[in-house]
Amino acid sequence: MSYKRYNVLETSLEKGMIVNGKVKTIKPYGVFIETENGVSGLLYIEDICISRIKSPFERFNVGDEVKVKVKDIDKENNRVSFTYKELLGTWEDNIKDFKQGTVVKGIARDTEKSKNGIFVELKPNLVGLAEYKENVEYGQDVNVYIKKIIPEKKKVKLLIFDE
């Protein structure tokens, strides 16, 4: 059986469309997704979520059914790229579930280079910055106190504390 490479010029896909697809392959740099009409494209790791994840395997498994948005169609190189994070809600949508002065669970993601703080994922599309704390590792579940929510800057200031 021969495989015919799909030509994006022959597709009805348009930039900005939301389509259903299936995860076919996962690589360190992104996820290959095949749409219902047979068009394959790449969801780059930076387009998965706002959080700084180290691997697409943290969010997807081969065979997962997903909704993605067409980010770009490169007709010259016959490539389609997708975004997922744009379907996870805006900062304003996500912050509604959180209140200043409360304690919530989060996931430690990335440490600032100068160790001034640790980025903590509160939701896939909502990250806050906590004061730096020794021995907190990437991927660790942490309890954080929401010190301040600054809507005009789309920032959340946090404090990690021991249980």
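Not measured: the values here are computed from a predicted model.

Draft legend 1. How the structure looks around the overall build of the protein chain. In terms of helices and strands, the protein chain carries one helix and ten strands. When its helices and strands are written in sequence order, the protein chain yields β-β-β-β-β-α-β-β-β-β-β. Its C-alpha atoms give the protein chain principal-axis dimensions of about 60 × 30 × 25 Å. Of all 163 residues assigned to the protein chain, the portion counted as buried reaches 37%. If you sum the accessible surface of the protein chain, you get close to 10100 Å²; carbon and sulfur atoms cover 48% of it. Averaged over its 29 positive side-chain charges, the protein chain has a centre that lies 2 Å from the centre of its 26 negative ones.

Draft legend 2. View of the pairing of strand E3 (residues 40–44). Sheet topology note: the strand E2 (residues 30–35)/E3 ladder contains five bridges and is antiparallel. Bridged to valine 31 within E3 is leucine 43. The hairpin formed by E2 and E3 contains four residues between the paired strands, and glycine 38 there has a positive phi angle of roughly 90°. Sheet topology note: the E3/strand E5 (residues 79–83) ladder contains two bridges and is parallel. If you follow leucine 43 over to E5, its bridge partner there is phenylalanine 82.

Draft legend 3. The arrangement of the environment of asparagine 78 in detail. Within the element layout of this structure, asparagine 78 appears in the loop between strand E4 (65–74) and E5. Judged by relative accessible area, asparagine 78 falls into the buried class, the value being 18%. Along the chain, asparagine 78 and glycine 41 lie 37 residues apart, while their C-alpha atoms are 9.6 Å from each other.

Draft legend 4. Here's a closer look at unusual backbone geometry. A positive phi angle, near 60°, is found at asparagine 78, a position not held by glycine. The phi torsion at lysine 154 lies on the positive side, around 55°, for a residue other than glycine. Within the secondary structure layout, lysine 154 lies in the loop between strand E9 (141–150) and strand E10 (155–161). Residue class for lysine 154 comes out partly exposed when judged on its relative accessible area of 45%.

Draft legend 5. The arrangement of the layout of surface pockets in detail. Looking at the largest pocket, its volume works out to about 490 Å³. For the largest pocket, the lining is made up of 22 residues, of which Val127, Gly128, Lys154, Lys155 and Val156 are closest to its centre. Looking at the lining of the largest pocket, the elements with two or more residues in it are strand E8 (126–131) and E10. Of the residues belonging to the lining of the largest pocket, the class tally is nine nonpolar, six polar and seven charged.

Calculation criteria
Residues numbered from 1 in each chain as written. Predicted model: local features only at pLDDT ≥ 70, side-chain atom pairs only at ≥ 80, totals over all residues. Heavy atoms only, no water. Helix = DSSP H or I, 4+ residues; strand = E, 2+ residues; numbered from the N terminus. Buried < 20%, exposed > 50% of the residue type's maximum accessible area, 1.4 Å probe, protein only. Areas by Shrake-Rupley, 256 points an atom, 1.4 Å probe, with all protein chains shown as cover. Lys, Arg positive; Asp, Glu negative; His and termini not counted. Charge placed at Lys NZ, Arg CZ, Asp CG, Glu CD. Pairing = 2+ DSSP bridges. 1 Å grid on protein atoms, 1.4 Å probe; cavity = no way out; pocket = protein on both sides within 12 Å on 5 of 7 lines; lining within 4 Å. Points joined across faces, edges and corners; volume = space filled by probe spheres on them. Nonpolar A, V, L, I, M, F, W, Y, C, P; charged D, E, K, R; others polar.

By themselves, these observations are geometric and do not establish any function.
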